[in-house]
Amino acid sequence: MTSFPRPAAVVGAGHYVPEKILSNADLEKIVDTSDEWIRTRTGIRFRRIAAENESTCDMAIHAARAALASAGISPADVDAVVFATGTPDYFNIPSCACLLQHALGIPHAYGYDLAAACSGFVYALDAGATAIAAGRADTVLVVGAEKLSAFTDYTDRNTCVLFGDGAGAVVLRASETPGVLSTVLGIDGDKSSLISLPGGGSRNPPSQRVLDERLCYWRMQGRELFKVAVHTLTQGAQDALAKADLSLDDIDVIIPHQANARIIEAVCDRLGGEKAREKLFLDLDVYGNTSAASIAIALSDAVSQGRIVPGSKVLLTAFGGGLTWGAAVLVWGGRA
Ligand code: UT7
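Residues numbered from 1 in each chain as written. Predicted model: local features only at pLDDT ≥ 70, side-chain atom pairs only at ≥ 80, totals over all residues. Heavy atoms only, no water.

### Examining the packing of helix 3 (residues 56–71) against helix 4 (residues 96–104)
Where helix 3 meets helix 4, the closest approach of the two axes is 10 Å, and the angle between their N-to-C directions is 55°. By the angle between their directions, the pair helix 3 and helix 4 is classed as oblique. For the crossing formed where helix 3 meets helix 4, the hand is right-handed. Residues Cys-57, Ala-60, Ile-61, Ala-64, Arg-65 and Leu-68 of helix 3 lie in contact with helix 4, whose contacting residues are Cys-96, Leu-99, Leu-100, Ala-103 and Leu-104. (Axes fitted to C-alpha atoms, helices over the stretch in contact; angles between N-to-C directions. Helix = DSSP H or I, 4+ residues; strand = E, 2+ residues; numbered from the N terminus. Parallel < 35°, antiparallel > 145°, perpendicular 65-115°, else oblique. Left-handed = near helix turned anticlockwise from the far one by under 90°. Contact = heavy atoms within 4.5 Å.)

### Side note on the site of the ligand
The environment of the ligand is formed by 22 residues, the closest being Thr-33, Arg-41, Arg-223, Asn-260 and Asn-289. A distance of 2.9 Å separates an oxygen atom of the ligand from a polar side-chain atom of His-257. Here the ligand, which alone exposes 950 Å², has 78% of that area covered by the protein. For the shell around the ligand, the secondary-structure elements that each account for two or more residues are helix 2 (35–42), helix 6 (157–160), helix 8 (222–243) and helix 9 (261–271). With 4 residues, helix 8 is the single largest residue contributor to the shell around the ligand. For the shell around the ligand, the per-class residue count stands at 10 nonpolar, 7 polar and 5 charged. (Near = heavy atom within 4 Å. Polar contact = N/O pair within 3.5 Å; in protein donor to acceptor, adjacent residues only side chain to side chain. Areas by Shrake-Rupley, 256 points an atom, 1.4 Å probe, with all protein chains shown as cover. Nonpolar A, V, L, I, M, F, W, Y, C, P; charged D, E, K, R; others polar.)

### Looking at the pattern of salt bridges
Following the criterion strictly, the structure yields 12 salt bridges and no others. Salt-bridge contacts for Lys-275 lead to Asp-249; the nearest nitrogen and oxygen are separated by 2.9 Å. Of the two residues, Lys-275 is situated in helix 10 (residues 274–279) and Asp-249 in the loop between helix 8 and strand 11 (253–256); the sequence distance between them amounts to 26 residues. Across the salt bridge formed by Arg-277 and Glu-265, the nearest N and O atoms sit 2.8 Å from each other. One end of the pair, Arg-277, is in helix 10; the other, Glu-265, is in helix 9, with 12 residues separating them in the sequence. Judged by its relative accessible area of 24%, Arg-277 falls in the partly exposed class. Taking the relative accessible area as the measure of exposure, Glu-265 reaches 37% and is therefore partly exposed. Taken together, the salt bridges that share partners define one network made up of Glu-265, Asp-269, Glu-274 and Arg-277. (Salt bridge = Lys/Arg side-chain N within 4 Å of Asp/Glu carboxyl O. Buried < 20%, exposed > 50% of the residue type's maximum accessible area, 1.4 Å probe, protein only.)

### Things to note about the packing of helix 8 against helix 9
Two elements in contact, helix 8 and helix 9, have axes whose closest approach is 9 Å; the angle formed by their N-to-C orientations is 40°. When the axis of helix 8 is compared with that of helix 9, the two are oblique. Viewed along their axes, helix 8 and helix 9 form a crossing whose handedness is right-handed. Each of Phe-226, Ala-229, Val-230, Leu-233, Thr-234, Ala-237 and Gln-238 in helix 8 lies in contact with helix 9, whose residues at this interface are Arg-262, Ile-263, Ala-266, Val-267, Arg-270 and Leu-271.

Printed below as a string of structure tokens:
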């Protein structure tokens, strides 16, 4: 069963991570932390960090080219670009969607950036599938990309050990057979203070004060977020399964937002224990939390490792700042 009247098949995926590796041992030299603390509290060992002159869109170009190539689709066939990011190249103008369209040589498309923090990729997937269902587009390039390192305070051990950079993309195509089976989305602004980037917007425009008070970096109440994350990731997964009229038994691979191994462990306990754990795909240990790119990278990674093959049913579940959450069930339709 699908909740989309005109099916959107997921026909290709690609990802890109920058070359530079930041290890826990490297972080030990920067802040008061330890490899043991980071590994046991988060499950993260490494993250990738973009070069100084490498932007969010630069990374997305690689991921999008790989996704189009894996789908066997030319840029000329793309009708829409939905680009999820909280760290765009510029403050909205020009959008990353425009920069990507130009770089790929997509001749005729509409497109926009979408900000839903770590849930961004699921929101973008929903937007793409909805556009296809509505007949607005036949082929949609869906991207999640972040340069989180540009807004990370490397004097704050609460946040700097978590985040990494990278990009992932998928191609959606109008199809006879279902691809995206269901999506569920939600927001809760009541908890907006749990994670924020206070400076740089109209509330606190760029100024010397913003720099002096370090308002241009992420701030986070980790412990509170942890609890909300476990609840929303679990509820989202259950709601997306119910909407697709499926149970966990029908799912081949679960890809949660790669935030923290302990959060994911607690979600698995609630979803079905060992049965859920066996279906998990994780690359958090090597890439860290890449926000809107996290599920997109993991999806592509799982395809390239052969964990997802044509016909695999995949459950995605995400949560992020705002707060936002989103979950989806899809059938992988790309080439093996
Ligand atoms: O994508 C959404 C973004 N955010 C998240 O997903 C974050 C969700 N939250 C988490 O992942 C976890 O809460 C953290 C990994 C951020 C923190 O783990 P925790 O087990 O909740 O630790 P805590 O915040 O309760 O801190 C425990 C102790 C504190 O010391 P005291 O007050 O007990 O003396 C912290 O100061 O650990 C200390 N601490 C650290 N120690 C070494 C915090 N960060 C570090 C660190 N290294 N990097």
